[in-house]
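Structural characterization, general
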Amino acid sequence: MDAETWQKEQISRAYLHAIAAREGCTLGDWAVDKDGVDTTLRRRGRMVDVQLKCTQELRRLGDSYAFDLDIKTYDKLREADRSAPGYLFVMIVPKDIKDWIHLHDDEFFLLRCTAYYACIQDRPAANTSSTTVIHLPFTSRLNGDALDRMFEHSRRHALGTREGMAA
């Protein structure tokens with residue numbers, strides 16, 4: 001059974017909440033996605049703005065996945081004068097919604113999904129009018145180490161050093 005858009009959004013938020021809680025982050029959700037941001041991660045005064053996407057299938061291109069991001073969101077996330085760096089998080093879930101969560105026993109359950117990220121901040125203007133391909137390297141998996149790198153990027157961004165962040 002294919003999932004509805006709202007179901008994909010909710011599983012993306014649940015996954016991010018779980019990782020963020022484990023890593024000591026708080027999340028601020030936005031009622032309106034006006035700036036291309038679904039949620040903002042915070043930790044020790046640093047912030048990272050996030051656009052969440054969820055899909056049941058991603059194209060593989062060599063050593064990365066490819067995700068088509070709409071230009072309007074891309075441009076908002078890449079703006080140089082953002083107060084927090086803009087990131088894209090893309091979650092991949094199984095095709096059948098019944099496979100998203102496995103109940104193992106009374107002590108735990110398993111989320112069968114994973115997410116990858118890309119820093120969109122300071123990228124060049126797209127040369128297309130509707131979507132642009134964002135490469136999500138297999139090494140850019142969303143986990144605690146990735147959040148550490150993002151918050152370090154946020155620190156440098158706040159200091160104005162503008163060092164790029166490897167995806």
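Residues numbered from 1 in each chain as written. Predicted model: local features only at pLDDT ≥ 70, side-chain atom pairs only at ≥ 80, totals over all residues. Heavy atoms only, no water.

**Observations concerning the overall build of the chain**
Which entries qualify depends on this criterion: Put simply, DSSP H or I for four residues or longer makes a helix, DSSP E for two residues or longer makes a strand, and each gets a number counted from the N terminus. For a compact globule the rule gives 2.2 Å times the number of residues to the power 0.38, and the radius of gyration it is set against comes from C-alpha atoms. Three exposure classes are used, based on accessible area relative to the maximum for each residue type with a 1.4 Å probe and protein chains only: buried under 20%, partly exposed in between, and exposed over 50%. Using the Shrake-Rupley algorithm and a 1.4 Å probe, accessible areas are obtained, with residue cover drawn only from the displayed protein chains. Here the positive residues are Lys and Arg and the negative ones are Asp and Glu; neither His nor the chain ends is included. Charge positions are represented by NZ for Lys, CZ for Arg, CG for Asp and CD for Glu.
Counting its regular elements, the chain contains three helices and ten strands. For the chain, whose C-alpha radius of gyration is 16 Å, the value lies close to the compact-globule estimate of 15 Å for 167 residues. Structurally, the chain occupies a C-alpha span of about 50 × 40 × 35 Å along its principal axes. Considering the chain as a whole, with its 167 residues, one finds that 44% of them fall into the buried category. When the accessible area of the chain is evaluated, it comes to approximately 9300 Å², of which 50% is carbon and sulfur surface. Each charge sign in the chain was given a centre, from 24 positive and 26 negative side chains, and these centres are 4 Å apart.

**A look at helix α2 (residues 71–78)**
Because an α-helix completes one turn every 3.6 residues, residues spaced three or four positions apart along the sequence face the same direction. What counts, and what does not: Picture the helix axis, draw a direction to every C-beta atom, and the arc is the one those directions span. Residues are treated as being in contact if the distance between any of their heavy atoms lies within 4.5 Å.
Listed in full, the buried residues belonging to α2 are I71, T73, Y74 and L77. Down the axis of α2, the sector holding all buried residues measures 160 degrees, keeping them to one side. Looking at the buried positions of α2, the neighbouring elements they touch are β3 (46–55), β5 (64–70), β6 (86–92) and β10 (131–137).

**Observations regarding the sheet that holds β6**
The test is simple: Two strands form a pair only when DSSP identifies at least two bridges running between them. Comment: axis = line fitted to C-alpha atoms, over the contacting stretch for helices; angle = value between 0 and 180 degrees taken between N-to-C directions.
Here five strands make up an open sheet; going across it, the order is β1-β2-β3-β6-β9 and the pairing mixed. Every interior strand has two partners, whereas the edge strands, β1 (26–29) and β9 (114–119), have only one. Across the sheet, the axes of successive neighbouring strands diverge by a mean angle of 30 degrees, strand direction being ignored. Pairing of β1 with strand β2 (residues 39–43) involves four bridges; the strand directions are antiparallel.

**Quick look at unusual backbone geometry**
For R44, which is not glycine, the phi torsion reads 50 degrees and is therefore positive. With respect to the secondary-structure elements, R44 resides in the loop between β2 and β3. Classification of R44 by relative accessible area gives exposed; the value is 74%. At D122, a residue that is not glycine, the phi angle is positive and equals roughly 65 degrees. As for its placement among the helices and strands, D122 is situated in the loop between β9 and β10.

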